[in-house]
Amino acid sequence: MEERIITAIVAVVGVPLVLVAYIWGTEQLLRVFPDGAKPRLRPWLWMLPALGFLGLFLVYPMIGTIIASFQNTLGTAWVGLENFAWFFGSPDALSALKNNVLWLIFLTLFVVGFGLIVAILVDRVRYETAAKSVIFLPLAISMVAASVIWLYMYQYKPPGAVQTGTLNAVIGVSGAGPIPWLQVQDFSLNTFALIIVMTWMWTGFGMVIISAALKGINPELLEAARVDGANEWQVFRGIVFPLLVPTLVVVGTTMIITALKAFDIVYAMTGGNLETDVIANLMYKQMFRVGDFGRASAVAVVLLVAIVPIMFFNIGRFRAQEAVR
Amino acid sequence: MRSTYRFLAPLMMLGLLLAACTASSPSETEGPGASVEPGGEDLTGQEVTVIGTWTDAEQESFLAMVAPWEELTGATVKYQGTRAINDILAAGIPTGVLPDLAGLPGPGQMAEYAAAGALKPLDDVLDVGTYVSETSPGIVELGQIDGTTYGVFIKAAVKGLIWFNPNLHDYTDSPPATWDDLIAQGEDNQGDAEALWCLGIESGDASGWPATDWIEEILLHQAGPDVYNQWWQGEVPWTDPAIQTAFETYADVVENAYGGGTNAVATKFDLAGDPLFADPSGCVFFHQASFITGLGAFPDQTAGTDYNAVPFPAFNDEFATAVEGAGDLFGMFHDTPAAKSLMRYLVTAEAQDIWVARGGALSANANATSYPDDISATMGGMITNAEQFVFDASDQMPTAMNAAFWQHMVSLTAGTETVEEALAALQAVADDAYAE
């Protein structure tokens, strides 16, 4: 117990002390430079610890992963492009790639679409806060917990037996089904069933951001349009939507990255079976089940290469917006 | 390069890291009076980290099994149960983040871990003479590499049992001699039962393994132990007619399964046998290993009156006596005094008797015989007396092969792949997996 108290005191007092000492140290160091160079050097010295941590925990492992992707199972010999040849020649890997494209397109469309619709609808009702809270709530649930909830939603029992799954019980009332939602590979129904779970979780996020942007639109603009005789659809199409586009792009790019990182839901709900695998699961399997570091790294590099253009697009967008301000 | 993994892998399994770090510092205070007998040592305050595949009821049984040891020595067992044991150990071997004792997926992985130097030999830890004399030779051999013992079975199971509900018809009256006889008897006595077989292969991350057991049993009794062993060693290709016949026999079973292949894929393996006890029954037969009696609806039923089992029948008289077993192979990664003492304790008949008496487990130790019912006792005898004994084939395949086997059994059962497609895909994986 005493040890812990000492540790706590050291942390509370020591950490700020180290920070102050660092700032003081940099000022001492800056003395040796001419006055003109100081303002340019100071920010770099202040950023140095952060850059150091980024380098150690992000850049260094990333370079290591890229190197490993050109090496064999345990990283003992160079194998050239063999790991990438495996990736693009394996039906499982290509199916995972295809599923990620489905995730990317449909998760983004669903979240942006539903988020926009809900944001506009709740904008006009009195109990807006309550409605928004309910829709936002799933975002606070962990992915695995959400998967367990939806496993009960999708549960399947053979025809004739009592349907304990919510969806099959509901459609059973009309005499239809039961449908094995997570087992039907046709038209990737099972992958869509998983995308819906993610949509359920993230629609609240899209709604909150879009709703905030909606509140930011000058009401006088809308008023002027209405006075000029525009109907509600024309107001939306001609004024509200164009003003929301930058926000929709931000939500969209966030969702694209979320889709590329999809892992938990697939792992917890189908284990990637019946062609529901995605790239992140493939990487996990190669690394932790098969223990093939080369292939796992190659999969990671493919994922990285897929994300980089989106990151650049995002940064470009951000710069353009800053320029307008 | 390796230092990269040292960062990455522990981050992915922080929980284990924390658990292992606290206990992996070997104590240097092994007293001069430390005796070989378990319980003769004072290990107060020491901890042994153990990971295994047992959760829920099985976890309780394991903890009950180690409780007397904890009381005797004063040490504590920190147990973590997870089905993802392959993944944890595969990540732990290169990084060194390992528990003191762990369940090993199979003899193949045991050899890999021993070759990597991570697994400690047990010859100096156990009283080998007693261990060998008490344990059936087939089991002892499975835990050895070149005569050195690296793994022991603290619990075993007989695979390939056909369970039925004697209230419908008692198949022990005239045990089916052959597979065809079993099917014919089942169809004659089906009555109101909806289907011939109960089948469920869902098991989270490891979905498909119950179906691989099916293939193994069929192959073992159709083609015999030699083909069986050559098959998992990669010497008989997946496209071989013997393998194809086994797969086709399994496809017939799926066709006659309760709810069909779709339901089999959607049903958890431990709950799959429950329709046996429904009214009217969902099925006549249910194939699963002996450990099923500790799972699903089985513990609520009475052994002998509500459920019973017959051994997997032969397709060919020659292979009638072959038995497939499985078990929880246990190995040691850190030779701390407490870990050694626990290992010594776990192989004793007294320790194994505790779990055996609680049900759901068999022991390879001939002196552990406190079975709760006659059925378990008979099955225990099947292990200690087996003439032709083989170990679970899929557990001995390279990990990539095993994972693909699980995956394609799910696709085949769901009907999204034909037998030919599944076998061609598996052979493609085999060409790659066995080459390494």
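Right above here is the structure, for reference.
Sequence order sets the numbering: in each chain, residues are counted from 1 along the sequence as written. Chain A is the first chain written and ligand 1 is the first ligand written, with later ones labelled in order. With pLDDT at 70 or above as the cut-off, local features in this predicted model cover only qualifying residues; side-chain atom pairs require 80 or more to be listed or tallied, and sums for whole chains, interfaces and linings still use all residues. Excluding hydrogens and water, the side-chain figures rest on all heavy atoms present in the structure.

A. Summary view of the nonpolar core. Residue and element names in this part refer to chain B. Put simply, buried Ala, Val, Leu, Ile, Met, Phe, Trp, Tyr and Cys residues joined by side-chain atoms within 4.5 Å make one nonpolar core. The rule is simple: take the accessible area with a 1.4 Å probe, protein chains only, and divide by the maximum for that residue type; under 20% is buried, over 50% is exposed, in between is partly exposed. Ranked by internal contacts, the top residues of the largest apolar core, which has 51 residues, are Trp197, Trp231, Trp238, Phe247 and Tyr250. Segments assigned H or I by DSSP are reported as helices when at least four residues long, segments assigned E as strands when at least two residues long, and all are numbered from the N terminus. Sorting elements by how many residues they give to this core places helix H9 (residues 209-232) first, with nine residues. Judged by nonpolar contacts, the second largest core, of 50 residues, contains Ala289, Phe291, Phe333 and Ile383.

B. Representation of the state of the cysteines within the structure. All names here are of chain B. Cysteine sulfur atoms are paired as a disulfide whenever they come within 2.5 Å of each other. Counting across every chain of the model gives one disulfide over all chains. Each sulfur in the disulfide pair Cys198 and Cys283 lies 2.0 Å from the other. Its S-S torsion of about -95 degrees marks the bond between Cys198 and Cys283 as left-handed, since a negative value means left-handed. With Cys198 in strand E8 (residues 195-198) and Cys283 in strand E9 (residues 283-288), the pair connects residues that are 85 residues apart, well separated along the chain. Assessed through its relative accessible area of 1%, Cys198 is described here as buried.

C. Fine view of empty space enclosed by the protein. Residue and element names in this part refer to chain B. The definitions used throughout rest on a 1 Å grid laid over the protein atoms alone, on which a cavity is an enclosed set of points accommodating a 1.4 Å probe that cannot get out and a pocket is an open set flanked by protein within 12 Å on both sides along at least five of seven lines; lining residues are those having an atom within 4 Å of a point. Grid points are joined across faces, edges and corners, and a volume is the space filled by probe spheres set on the points. Applying the stated rule across the entire model yields three cavities of 30 Å³ or more. Approximately 700 Å³ is the volume found for the largest cavity. Together, 36 residues line the largest cavity, and Thr53, Arg83, Pro105, Asp328 and Asp395 are the ones closest to its centre. Elements with a contribution of two residues or more to the lining of the largest cavity: helix H4 (85-95), strand E3 (101-104), strand E6 (152-158), H9, strand E11 (322-332) and helix H15 (399-414).

D. Highlighting the packing of helix H1 (residues 2-30) of chain A against helix H2 (residues 38-68) of chain A. Residue and element names in this part refer to chain A. It is the contact of H1 with H2, at a shortest axis distance of 10 Å, that shows an interaxial angle of 145 degrees. In the packing of H1 onto H2, the handedness of the crossing is right-handed. Facing Tyr22, Ile23, Thr26, Glu27, Leu29 and Leu30 of H1, the residues of H2 in contact are Lys38, Leu41, Arg42, Leu45, Trp46, Leu48 and Pro49. The residue classification treats Ala, Val, Leu, Ile, Met, Phe, Trp, Tyr, Cys and Pro as nonpolar and Asp, Glu, Lys and Arg as charged. All others, Gly included, are polar. Of the residues assigned to the contact of H1 with H2, the class counts are nine nonpolar, one polar and three charged. Axis definition: a line fitted to C-alpha atoms, limited for helices to the stretch in contact. Angles are taken between N-to-C directions and run from 0 to 180 degrees. Each crossing gets its hand from how the near helix is turned against the far one by less than a right angle, where anticlockwise is left-handed and clockwise is right-handed. A contact between two residues is defined here by any heavy atoms of the two lying within 4.5 Å.

E. Inspection of the pairing of strand E1 (residues 47-52) of chain B at higher detail. All names here are of chain B. Most of E1 is tucked away: five of the six residues are buried. Whether two strands pair depends on DSSP finding at least two bridges between them. As defined by bridge partners, E1 adjoins strand E2 (residues 76-81) across six bridges and the pair is classed as parallel. Note on E2: the bridge partner recorded for Thr49 is Lys78. Orienting the strands away from the viewer, one traces the path from the first strand over the helix to the second; a clockwise path indicates a right-handed crossover. One crossover worth recording links E1 to the parallel E2 by way of helix H3 (residues 56-73), and it is right-handed. The pairing of E1 with E3 spans two bridges and is classified as parallel.

F. Region of interest: the pairing of E3(B). When E3(B) meets E11(B), the two strands line up antiparallel, connected through four bridges. Bridge pairing in E11(B) places B:Ala102 opposite B:Gly331.

G. Broad picture of the packing of aromatic side chains. All names here are of chain B. Any two of the Phe, Tyr and Trp rings considered here, Trp counted by its six-membered ring, make a pair once their centres fall within 6.5 Å; the pair's planes then place it as stacked at under 30 degrees, edge-to-face at over 60, or tilted in between. Evaluated as defined, the whole model comprises 49 aromatic pairs over all chains. Where Trp231 meets Phe405, the ring centres are 5.7 Å apart and the plane angle is 90 degrees; that geometry is what we call edge-to-face. Here Phe405 lies in helix H15 and Trp231 lies in helix H9, a separation of 174 residues in the sequence. Assessed through its relative accessible area of 0%, Phe405 is described here as buried. These aromatic residues form a ring-pair network of at least three members: Phe164, Tyr171, Trp179, Trp197, Trp214, Tyr250, Phe285, Phe312 and Phe315.

H. The interface of chain B and chain A, seen in detail. Contacts between chain B and chain A engage 32 residues on the former and 26 residues on the latter. Two parts placed together each lose some accessible area under a 1.4 Å probe, and adding up what both lose gives the buried area. A buried area of about 2,900 Å², summed over both sides, lies between chain B and chain A, and 60% of it is on carbon and sulfur atoms. With a shortest N-O distance of 2.8 Å, B:Asp205 and A:Arg289 are connected by a salt bridge. Here a polar contact is taken to be a pair of N or O atoms separated by no more than 3.5 Å, where protein atoms must pair a possible hydrogen donor with a possible acceptor and residues adjacent in sequence count only if both atoms sit in side chains. At the junction of chain B with chain A, the criterion picks out five residue pairs in polar contact (both at pLDDT 80 or more). A side-chain nitrogen of Lys or Arg and a carboxyl oxygen of Asp or Glu constitute a salt bridge if their distance falls within 4 Å.

I. Structural context of the packing of H3(B) against helix H12 (residues 337-346) of chain B. All names here are of chain B. As a packed pair, H3 and H12 sit with axes 11 Å apart at the nearest point and diverge in direction by 125 degrees. Compared by their axis directions, H3 and H12 come out oblique. With respect to the hand of their crossing, H3 and H12 are arranged in right-handed fashion. Counting all contacts with H3, which are made through Phe62, Met65, Val66, Pro68, Trp69 and Thr73, the residues of H12 involved are Ala338, Ser341, Leu342, Tyr345 and Leu346. In terms of residue class, the contact of H3 with H12 is made up of nine nonpolar, two polar and no charged. Should an angle fall under 35 degrees it is called roughly parallel, over 145 degrees roughly antiparallel, and 65 to 115 degrees roughly perpendicular, with every other angle called oblique.

J. How the structure looks around a negative patch on the surface. All names here are of chain B. Put simply, a patch holds well-exposed residues, over 30% relative accessible area, that have no salt bridge, with like charges counted together within 9 Å and Val, Leu, Ile, Met, Phe, Trp or Tyr side chains within 5 Å. Every accessible area reported is derived by Shrake-Rupley at a probe size of 1.4 Å, with residue values counting cover from the shown protein chains alone. Charge convention: Lys and Arg are scored as positive, Asp and Glu as negative, and His as well as the terminal groups of each chain are ignored. All charge positions are set by atom: Lys at NZ, Arg at CZ, Asp at CG, Glu at CD. Together, Glu248, Asp252, Glu255, Glu420 and Glu421 make up a region of like negative charge exposed at the surface. Those elements that provide at least two residues to the negative patch are helix H10 (241-255) and helix H16 (419-433). The biggest single contributor to the negative patch is H10, with three residues. Note on placement: Glu248 falls in helix H10. For Glu248, a relative accessible area of 36% gives the class partly exposed.

K. How the structure looks around unusual backbone geometry. For the peptide bond that leads from B:Asp279 to B:Pro280, omega is -5 degrees, which places it in the cis range. Locating B:Pro280 in the fold gives a position in the loop between helix H11 (260-266) and E9. Look at A:Phe187: it is not a glycine, yet its phi comes out positive at around 55 degrees.

L. Fine view of H4(B). Residue and element names in this part refer to chain B. Of all the 11 residues making up H4, 10 are buried; the element is thus mostly covered by neighbouring parts of the structure. Along H4, the positions that sit buried rather than exposed are Ile85, Asn86, Asp87, Ile88, Leu89, Ala90, Ala91, Gly92, Pro94 and Thr95. Gly96 sits one or two positions beyond H4 and adopts a positive phi of about 80 degrees.

M. Broad picture of the environment of B:Gly208. Residues and elements named next belong to chain B. When you line up the elements, Gly208 lands in the loop between E8 and H9. The sequence separation of Gly208 and Val410 amounts to 202 residues, and the corresponding C-alpha distance is 5.2 Å. In contact with Gly208, other than residues within four places in its own chain, are Ile201, Trp406, Met409 and Val410.

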